[in-house]
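# Summary of the model geometry
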Amino acid sequence: MTGPTLAIRVCDPSDRDAVVALWTACGLVVPWNDPAADIALALSRPNSTILLGTLDGGIVASAMVGHDGHRGWIYYVAVDPAHQKRGYGHRMVEAAERWLAEAGMPKVQLLVRETNQRVLAFYERLGYATSPVTMMQKWLTKPSP
């Protein structure tokens with residue numbers, strides 16, 4: 001099912017509160033990541049940005065995108081729960097892929113919790129596959145609970 005045409009634009013720092021509200025509504029905010037700091041960092045670097053999907057000027061979708069010079073990454077793909085199931089998530093991923101391709105990235109990666117079967121199925125429908133790698137992590141600062 002598709003709905004009204006989604007306009008896609010680059011996030012502006014003045015969009016911060018609306019983007020944080022979107023991410024919160026979509027359950028993407030966790031205690032150990034400060035969404036306002038994530039937005040500020042993404043918008044301060046030439047190798048990253050946040051793309052916003054809007055309807056009649058209101059923000060209803062997002063995708064944070066960036067690259068390390070070798071591969072692209074997509075984060076914070078969100079569609080307002082009241083606007084889901086209309087193809088907007090697909091449109092945001094396509095816009096993020098286009099941004100990365102224009103930056104010269106040959107590959108895109110993203111992280112999904114393995115327990116999030118609904119989102120894994122979404123990305124599989126878009127042609128993404130599980131990579132044969134093990135992600136490892138180390139906290140350099142103690143996360144807040």
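Everything in this summary refers to the structure shown in the same document. Being a predicted model, the structure only gives us computed values, none of them experimental.

## Side note on the overall build of the protein
- Assigned secondary structure in the protein consists of four helices and five strands.
- Going from the N terminus to the C terminus, the protein shows its helices and strands as β-α-α-β-β-β-α-β-α.
- Taken over the C-alpha trace, the protein has a radius of gyration of 15 Å; the compact-globule value for 145 residues is 15 Å, and the two agree within 12%.
- If one aligns the C-alpha atoms of the protein with their principal axes, the spans along those axes are about 40 × 30 × 30 Å.
- In the protein, the proportion of contacts linking residues at least 24 apart, taken out of those at least 6 apart, comes to 64%.
- As presented, the protein carries roughly 9,300 Å² of accessible surface, and 54% of it is formed by carbon and sulfur atoms.
- Computed over 14 positive and 13 negative side-chain charges, the inter-centroid distance for the protein is 5 Å.

## With respect to unusual backbone geometry
- We note that Asp56 has phi near 50 degrees; this positive angle belongs to a residue other than glycine.
- On the secondary structure map, Asp56 appears in the loop between strand 2 (48-55) and strand 3 (58-67).

## Details of the pattern of salt bridges
- For the structure shown, the criterion picks out three salt bridges.
- The closest approach of N and O atoms between Asp15 and Arg9, which form a salt bridge, is 2.8 Å.
- Look at Asp15 and you get buried, because its relative accessible area is 10%.
- Exposure remark for Arg9: the relative accessible area of 31% places this residue in the partly exposed category.

## Focus: the packing of helix 1 (residues 16-25) against helix 2 (residues 35-44)
- Contact geometry of helix 1 with helix 2 gives a least axis separation of 10 Å together with a crossing angle of 125 degrees. Comparing the axis directions of helix 1 and helix 2 gives the class oblique. Of the two possible hands of crossing, helix 1 and helix 2 adopt the one that is right-handed. Within the contact between the two elements, helix 1 uses Arg16, Val19, Val20 and Trp23 and helix 2 uses Pro35, Ala36 and Ile39.
- Within the contact of helix 1 with helix 2, the residues separate by chemical class into six nonpolar, no polar and one charged.

Each value, and the rule that gives it
Residues numbered from 1 in each chain as written. Predicted model: local features only at pLDDT ≥ 70, side-chain atom pairs only at ≥ 80, totals over all residues. Heavy atoms only, no water. Helix = DSSP H or I, 4+ residues; strand = E, 2+ residues; numbered from the N terminus. Rg over C-alpha atoms; globule rule 2.2 N^0.38 Å. Contact = heavy atoms within 4.5 Å. Areas by Shrake-Rupley, 256 points an atom, 1.4 Å probe, with all protein chains shown as cover. Lys, Arg positive; Asp, Glu negative; His and termini not counted. Charge placed at Lys NZ, Arg CZ, Asp CG, Glu CD. Salt bridge = Lys/Arg side-chain N within 4 Å of Asp/Glu carboxyl O. Buried < 20%, exposed > 50% of the residue type's maximum accessible area, 1.4 Å probe, protein only. Axes fitted to C-alpha atoms, helices over the stretch in contact; angles between N-to-C directions. Parallel < 35°, antiparallel > 145°, perpendicular 65-115°, else oblique. Left-handed = near helix turned anticlockwise from the far one by under 90°. Nonpolar A, V, L, I, M, F, W, Y, C, P; charged D, E, K, R; others polar.

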